[in-house]
Amino acid sequence: MAGRSLVTLDDISTGQILELIHKARYIESNREKVAGTCNGRVLATLFYEPSTRTRLSFETAMLRLGGHVVGFPSAKLSSATKGETVYDTLKVVSNYADVVAIRHPKEGAVLVAADAADVPVINAGDGGHMHPTQTLADLATLDSRLGRFTDITIGLCGDLRFGRTVHSLIETLCRFGGVRFVLISPEELRTPRYVRDVIDASATCSYVETGSLTDVIGDLDALYMTRVQQERFENESDYLRLRDTYVLDTEKMTLAKPNMPVLHPLPRVNEIARDVDKDPRAAYFEQTRQGMLMRMALESSVLGDELAGYDPLGGVDLTVHDDGAQNGQDEGSFARLARSSILIDGVCPNPHCITTSENGLEQRCYRIVTGDDVRTGAAGRRCVYCDAELD
Amino acid sequence: MAGRSLVTLDDISTGQILELIHKARYIESNREKVAGTCNGRVLATLFYEPSTRTRLSFETAMLRLGGHVVGFPSAKLSSATKGETVYDTLKVVSNYADVVAIRHPKEGAVLVAADAADVPVINAGDGGHMHPTQTLADLATLDSRLGRFTDITIGLCGDLRFGRTVHSLIETLCRFGGVRFVLISPEELRTPRYVRDVIDASATCSYVETGSLTDVIGDLDALYMTRVQQERFENESDYLRLRDTYVLDTEKMTLAKPNMPVLHPLPRVNEIARDVDKDPRAAYFEQTRQGMLMRMALESSVLGDELAGYDPLGGVDLTVHDDGAQNGQDEGSFARLARSSILIDGVCPNPHCITTSENGLEQRCYRIVTGDDVRTGAAGRRCVYCDAELD
Amino acid sequence: MAGRSLVTLDDISTGQILELIHKARYIESNREKVAGTCNGRVLATLFYEPSTRTRLSFETAMLRLGGHVVGFPSAKLSSATKGETVYDTLKVVSNYADVVAIRHPKEGAVLVAADAADVPVINAGDGGHMHPTQTLADLATLDSRLGRFTDITIGLCGDLRFGRTVHSLIETLCRFGGVRFVLISPEELRTPRYVRDVIDASATCSYVETGSLTDVIGDLDALYMTRVQQERFENESDYLRLRDTYVLDTEKMTLAKPNMPVLHPLPRVNEIARDVDKDPRAAYFEQTRQGMLMRMALESSVLGDELAGYDPLGGVDLTVHDDGAQNGQDEGSFARLARSSILIDGVCPNPHCITTSENGLEQRCYRIVTGDDVRTGAAGRRCVYCDAELD
């Protein structure tokens, strides 16, 4: 992975994901031994919108490897206010830093950034589009608590419609395969068709949908909670009626298996009662620690800095079911960008797409090769930046 | 002190305060020797409201000990805007950092933070409530200039009613004892009853009140100036009439003792004329250096990191008069939190209390044991977070 | 230069500028050898207005020398909002940091800062007044691409009226001499009289003015592009008519010499087409790298920290034509401040001058010694802070 960017998890193979988890385990047990891994390196954290937890995680990861950090925590504090493009900013920052972590409110902005930069770029969230290191943290937490993330029954609860975190987790678990998904949400917030299609396309995964957490919690090996945000509902009464159904409390926890970990991408509002924190099955704060460890693994990997004493898995692909590889997903964002030879005159219809705000950017699209493509569920042209359907 | 938080100065004994000053002296004389004390450590500075001077002091202190820093300089740049509680933020940051310095506009917020965190938390100011490291800087400056802070006559001048800094200094000096306070303020800004009660409760301290700086400046061993803020007055004419009375200029300095240090918590507006800066008795800029040294002493102490070559005072309590210990103040914020077994249904009446904004927080109170309690001057129930009277 | 501040380039001699470039070259080739040059040092970056590129450059420079960084990226995050003066802030920060880089929207603010500080202060831009490290980056880029910056024909294109960067570059090149300036701008944005006077005062420099980039591009050894900002024009049609004339594209580049470097202070809006980036003559991104290297040279120099293995030019002044020295410019900002014995009762007429916002600042002026002064082109009194004419 040395020298490569991580825009989406499709940029790395399932074998590389397992290697990162293996590295994170090694780092956790050898904090002092790895403390000089990135000596003299500089990470730039370019956060065009604030996200304290993610930014501090990336930064602490680099500092604990011996590197340094520069950056900005908000676009208001950046030259973006002078109208500088993401492209130019990354061209400049490439001259300062050895690796960049970027968060941006526009979908596809990180692909633009990675294309411009001469150094590896890591996606720390681009709008509602992608947030790959969150998924890496989720996988590492499941692995830490259960010793595996295949051959499990996992419940996903709350807002399954808009939750980018949930979609990315589902798609990634499907690449490894052997997962039974229990999708727990109100009707208004059901998992979208194209995400369920990803599960259907996997030979070894399946799903059921339900509106009741209480009914199914006893069957789960792991539970992934998400926020139910009031602004998703048309009126307050719908929100209030549904909200409490999806609140996890100590009473519901009595119905769960004795070692069922509870995950949550945070921040929580009130969907997990404070009392649950004391339950040893609460894994959502450990999840942030796993996130930092995965970012340490990732930052050192893309920099090509070797961890002292580390014994790699060695390129052996340990995955049992790599559905993704069968669909050619492993070629990466840049291969996809490169092969997108069709230049479009129009603009992307997605108002959140980076093409709507970035000057000088060519609108490109890519054509899905086969009708059974697992990521998108449709043949057709899509924006190479934000994945929106163009026609 | 290793592993302990500092929410208020009541959390540490007078012996520990003297140890910190002793450490600060050692650090000052051995900058290079102590430069690796906190190698590999990470300090998180969580500033929910901006305070450049305090933040930079905490950060430089950690950097000069060999550690690293992450954090945010303003709540606008933090996940607080997504509704995350102080409690959850600290649970997360505990997974990144080894020690936390927190500033928050709500009173009691730092007690919530310290309760949540798994690592030591240092109060860098919680609203108008507490700012213990400012008081440590004040003590170290007095010690540096006078060689002592007992058996002195100290003048406190300006806004003695609302100035948290002044109240904390008075209370702490009373724990050591032997201090004659000269309280210099306009009638509108007199020292509150409960603060004067603290002095009265000390067998070895006393005070006089006056409206004239000129009348008393010649008697002082040290002078502590504070801002007189216009917004404290009902009309502008009162403000303008009084303001200049409390301005220290070179003319008033001619009346003072030849080695009377002038302290000020900064920022100053115009209450000390610029010309006074050149007077060697001006100690307010040195005060910021003493603050940084005390924060170096404090950060290394709560981390349990030993200063190379340091010879401790060794637990010998050198205080002459420890009035505080007699009143059981040394038990600390957490002991107080723990013994507060009464849960209240209502809410704290103080609109600046953290209980008014933080979700999921139990309202607790503590009952003052005796009527002669020196901190509060009253028996009764008080909010355990902000110390406001509940009835 | 150890211990000295850099407020304007007049503070250092042409020999010192050449030494800095020599150091930057050495640093570039010896990254690892110099990585511990500033071990234990702390740089404070006080940015009263945001400027990501400049701030990150200063910070990365210090980190790559082994030092640490504290600071604030915007005045909204500083104690300036509590009314603290620049003077007091610098008095305090001197107690934390070993060197300060400051950017401020008011002209002359950095002279106030340097006057207050007990440590070296570097100007990172004070309003439209000075930005000396930008000019150092420009010189280093010319030197890197052409091997020299004397005996060249350089085109300056775009807004030559308001562009502080361009004025500073012209004045500095004139100190070295032997430069033919081609000033390319619309009539509305011509180079000001006093800047052209600087060229006229140089025995070895000359200029021509033109409105057409296409006509002259073939004659240039180097081209310096600047932004043409819409807000400089009275009506939009004037702007639109002129804008494209000053856009550099691949077509115009075909007319240029095969090794003519293109510089730009950035950010660009659209005055250089994206396609030009791929042309090897595009030097504007390398320019930011040169800027970082020059800041490494400057920071280590003012700190007095020697680069391991570095062989200095040794005080030999290699300049061929040092016009500036003849006019006594080498005495520096502080000599100028010191000799300004005239205190004015009125205020500086420049609304952007620091004297209009900073409390307690004496209004001073300096009298130009001779009528042929090259910097100002006039005998008369000028504000010592912002250089505005007082009468």
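About the cut-offs
Numbering of residues starts from 1 in every chain and runs along the sequence as written. Naming scheme: in the order in which they are written, chains are lettered from A and ligands are numbered from 1. Owing to the predicted nature of the model, reporting of local features is limited to residues with pLDDT of at least 70; listing and counting of side-chain atom pairs is limited to 80 or more, with chain, interface and lining totals taken over all residues. Excluding hydrogens and water, the side-chain figures rest on all heavy atoms present in the structure. UniProt positions are given in the numbering used here, feature names are shortened, and annotations may be inferred rather than shown by experiment. Note on pairing: DSSP must find at least two bridges between two strands before they are called paired. Secondary structure elements are defined from DSSP: runs of H or I of at least 4 residues count as helices, runs of E of at least 2 residues count as strands, and each element is numbered from the N terminus. By definition, residues are in contact when any of their heavy atoms lie within 4.5 Å. Fitting a line to C-alpha atoms yields each axis, with helices limited to the stretch in contact; the angle taken between N-to-C directions then spans 0 to 180 degrees. Least squares is the method for superposing the copies, and the C-alpha atoms it fits come from residues with pLDDT of at least 70 in both. Salt-bridge detection follows one rule: a side-chain nitrogen of Lys or Arg within 4 Å of a carboxyl oxygen of Asp or Glu. Throughout this description, a polar contact denotes any pair of N or O atoms lying within 3.5 Å of each other; where both atoms belong to protein, one of them has to be capable of donating a hydrogen while the other can accept it, and for residues adjacent in sequence the pair is counted only when both atoms sit in side chains. Only Asp, Glu, Lys and Arg are considered charged in this grouping, and only Ala, Val, Leu, Ile, Met, Phe, Trp, Tyr, Cys and Pro are considered nonpolar; every other residue, Gly among them, is considered polar.

Looking up chain A in an unreviewed UniProt entry gives the name Aspartate carbamoyltransferase, with the organism given as Bifidobacterium bombi DSM 19703. Database annotation for chain A, UniProt heading Catalytic activity (unreviewed entry): "carbamoyl phosphate + L-aspartate = N-carbamoyl-L-aspartate + phosphate + H(+)". If you open the UniProt record of chain A and go to Function (unreviewed entry), you find "Catalyzes the condensation of carbamoyl phosphate and aspartate to form carbamoyl aspartate and inorganic phosphate, the committed step in the de novo pyrimidine nucleotide biosynthesis pathway."

Draft legend 1. Focus on the sheet that holds strand β8 (residues 222-225) of chain C. Residues and elements named next belong to chain C. Pairing is parallel in the open sheet, where 5 strands are placed in the order β7-β6-β5-β8-β9. Of all strands in the sheet, those with a lone pairing partner are β7 (206-210) and β9 (262-263), marking the two edges. In this structure, β8 lies alongside β9, joined through 2 bridges in parallel fashion. Residue pairing in the sheet places Leu223 in a bridge with Val262 of β9. With respect to the sheet, helix α7 (residues 193-201) is in contact with β6 (179-184) and β7, its orientation differing from that of β7 by roughly 140 degrees.

Draft legend 2. Region of interest: the relation of the copies chain B and chain C. Between the two copies, chain B and chain C, the superposition gives an RMSD of 0.0 Å; the rotation angle is 120 degrees and the shift along the axis is 0.0 Å. Both copies are brought into coincidence by an operation consistent with a three-fold rotation axis. Closest to the rotation axis within chain B is the C-alpha of His68(B), separated from it by 5.1 Å. Comparing contact sets, just 4% of the residues at the interface of chain B also lie at the interface in chain C, consistent with a heterologous contact between different surfaces.

Draft legend 3. Examining the interface of chain C and chain A more closely. Facing the 24 residues of chain C at the interface are 28 residues of chain A. Linking chain C to chain A there are 3 salt bridges. The closest approach of N and O atoms between Asp88(A) and Arg268(C), which form a salt bridge, is 2.6 Å. In this structure, the connection of chain C to chain A is made through 10 residue pairs in polar contact (both at pLDDT 80 or more). Elements that contribute at least two residues to the side of chain C that touches chain A include exactly α2 (52-64) and α11 (284-303) of chain C. For the side of chain C that touches chain A, the residue count by class is 9 nonpolar, 6 polar and 9 charged.

Draft legend 4. The arrangement of the environment of Ser206(C) in detail. Tracing the backbone shows Ser206(C) in strand β7. Every residue in contact with Ser206(C), bar those within four places of it in the chain, is listed here: Val179(C), Arg180(C), Phe181(C) and Ile199(C).

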